[in-house]
Amino acid sequence: MPELPEVETIYLGLQKRIIGLEIKNIKLLQPKSFIGDSKLLKGKKVLKVWRRAKILGIDLDGLTLLIHLKMSGQLVFQGKENFVGGHPTLDMIGPMPHKHTRVVFEFNNGSHLYFNDLRRFGWIKVIGNSKLKIEKLLGNLGPEPLEKDFTWQILRTNLLRHRNMPVKVVLLDQKVVSGIGNIYASEACFNAKLDPRKKVGNLTDGQFKKLHKGIIKALSDGIRYGGSTRAHFVDAEGQKGYFLDYAFVYGRDKKPCKKCGSLIEKIQLVGRGTYWCKSCQKK
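To start, this report covers the structure provided alongside it. (Residues numbered from 1 in each chain as written. Predicted model: local features only at pLDDT ≥ 70, side-chain atom pairs only at ≥ 80, totals over all residues. Heavy atoms only, no water.)

### Focus on the pattern of salt bridges
Turning to step 1, where the next piece is worked out: With the rule as written, the count across this model stands at nine salt bridges.
Turning to step 2, where the next piece is worked out: Between Glu81 and Arg17 there is a salt bridge, with the nearest N and O atoms lying 3.3 Å from each other. Remark: Arg17 occurs in helix H1 (residues 4–18) and Glu81 occurs in the loop between strand S6 (73–78) and strand S7 (83–86); sequence separation between them is 64 residues.
Turning to step 3, where the next piece is worked out: Taking the relative accessible area as the measure of exposure, Glu81 reaches 45% and is therefore partly exposed.
Turning to step 4, where the next piece is worked out: Overall, Arg17 belongs to the buried group, its relative accessible area being 9%.
Turning to step 5, where the next piece is worked out: Between Asp221 and Lys217 there is a salt bridge whose closest N-O contact spans 2.9 Å. (Salt bridge = Lys/Arg side-chain N within 4 Å of Asp/Glu carboxyl O. Helix = DSSP H or I, 4+ residues; strand = E, 2+ residues; numbered from the N terminus. Buried < 20%, exposed > 50% of the residue type's maximum accessible area, 1.4 Å probe, protein only.)

### Focus on the sheet that holds S6
Turning to step 1, where the next piece is worked out: If you trace the five strands from one edge of the open sheet to the other, you get S1-S8-S9-S6-S7, paired in antiparallel fashion. Both outer strands of the open sheet, strand S1 (23–28) and S7, are each paired with one neighbouring strand and no more. Each strand of the sheet is rotated relative to its neighbour by a mean of 10°, with strand direction disregarded.
Turning to step 2, where the next piece is worked out: As judged from the six bridges shared by S6 and strand S9 (residues 112–117), these two strands associate in the antiparallel manner. Note on S9: the bridge partner recorded for Val76 is Tyr114.
Turning to step 3, where the next piece is worked out: Sitting on the sheet, H1 is in contact with S6, S7, strand S8 (101–107) and S9, with an inclination near 150° to S7. (Pairing = 2+ DSSP bridges. Axes fitted to C-alpha atoms, helices over the stretch in contact; angles between N-to-C directions. Contact = heavy atoms within 4.5 Å.)

### Describing helix H6 (residues 205–224)
Turning to step 1, where the next piece is worked out: With 20 residues, H6 should cover 28 Å at 1.5 Å per step; its first-to-last C-alpha distance of 29 Å lies within 8% of that length.
Turning to step 2, where the next piece is worked out: Within the sequence span of H6, burial applies to Gln207, Phe208, Leu211, His212, Gly214, Ile215, Ala218, Leu219, Asp221 and Gly222. (Expected span 1.5 Å × (residues − 1).)

### Remarks on the nonpolar core
Turning to step 1, where the next piece is worked out: Grouped together as the largest cluster of nonpolar side chains are 36 residues, with contacts concentrated most on Leu155, Leu159, Leu171, Ile180, Phe190, Leu211 and Ile215.
Turning to step 2, where the next piece is worked out: Elements with a contribution of two residues or more to this core: helix H3 (152–159), helix H4 (167–171), helix H5 (182–191) and H6.
Turning to step 3, where the next piece is worked out: Ranked by the residues each element gives to this core, the list is headed by H5, at six residues.
Turning to step 4, where the next piece is worked out: Contacts of Leu211, omitting those with residues within four sequence positions, involve Leu155, Leu159, Val167, Leu171, Ala188, Cys189, Ala192 and Leu194.
Turning to step 5, where the next piece is worked out: If you look at the next biggest cluster of nonpolar residues, it comprises 29 residues, including Ile58, Ile67, Leu75 and Phe77. (Core = buried A, V, L, I, M, F, W, Y, C linked by side-chain atoms within 4.5 Å.)

### Things to note about the pairing of strand S5 (residues 63–68)
Turning to step 1, where the next piece is worked out: The element S5 is largely enclosed, with a buried count of six among its six residues.
Turning to step 2, where the next piece is worked out: Across the two faces of S5 the burial is the same, with Leu63, Leu65 and Ile67 and Thr64, Leu66 and His68 all buried.
Turning to step 3, where the next piece is worked out: Across four bridges, strand S4 (residues 55–59) lies against S5 in antiparallel orientation. Looking at S5, one finds that Asp59 is bridged to Thr64.
Turning to step 4, where the next piece is worked out: What sits between S4 and S5 in their antiparallel hairpin is a turn of three residues, with Gly62 showing a positive phi close to 80°.
Turning to step 5, where the next piece is worked out: Across six bridges, the pairing between S5 and strand S10 (residues 123–128) is antiparallel. For Leu66, the partnering residue across the bridge sits in S10 and is Lys125.

### Observations regarding the packing of aromatic side chains
Turning to step 1, where the next piece is worked out: Counting across every chain of the model gives three aromatic pairs.
Turning to step 2, where the next piece is worked out: On the numbers, 6.4 Å between centres and 45° between planes, the contact of Phe77 with Phe107 is tilted. Highlighted residues: Phe77 in strand S6 and Phe107 in strand S8, separated in sequence by 30 residues.
Turning to step 3, where the next piece is worked out: Both rings, one in Tyr250 and one in Tyr275, keep their centres 5.0 Å apart while their planes meet at 65°; by these two values the pair is edge-to-face. (Phe/Tyr/Trp six-rings, centres within 6.5 Å; stacked < 30°, edge-to-face > 60°.)

Right, here's the structure in full:
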């Protein structure tokens, strides 16, 4: 599933290309992938593109489209300046639509936006764009970790709701912090020099502060290097991201730690592969 940096790069790519365009037509090739009345979209102009956690939002005249790519979703824009974002497949840069295309948006300038989804877990939902409706739908999400009001104190309060669980596992809870998945949770623990198995209730204030900084660094680096594309996503320009080339622990099982030279280990925490350096990350 995409994490915050991957969805952020897709948001940036869409923002450059579709704002101001008018939806001329919409085709539902897989009706179950679209929730709401698609007829309401015709003639609507794109006013804004935004991201909340792992969800993309597109504001129109009076309506909002919410898009969740889930495990295998793609957004492919074909126009004057093409754009490809999403789970990498061999056919994502080929002719559109193809057998995995679920929804097609046609804009007034002749360009198209294709929503492809191999596994059909992703969705597009149309709702009224009142602030109340959007907040109700997304209200259970935790704070945005790259916003200024995300403090270490807020992180501590949210984490301590699960004080008997391993810190890395709790970071995956979208009600605690939004947008963090398996890759960046592992990297955040490394940045904070924390053993990912350590129980939340045993963290000191100093460790909460280090984890707060570690989360921000991991996510910021992910955006900077275009996301973890080779495992999941291509970036906003349709290029493979390079974050995994810079990652300290994720995907580096049995490789030397970039800090101390010890071998990175892979363990399982609640069924999720977790990478760490036992020399750098202490309890």
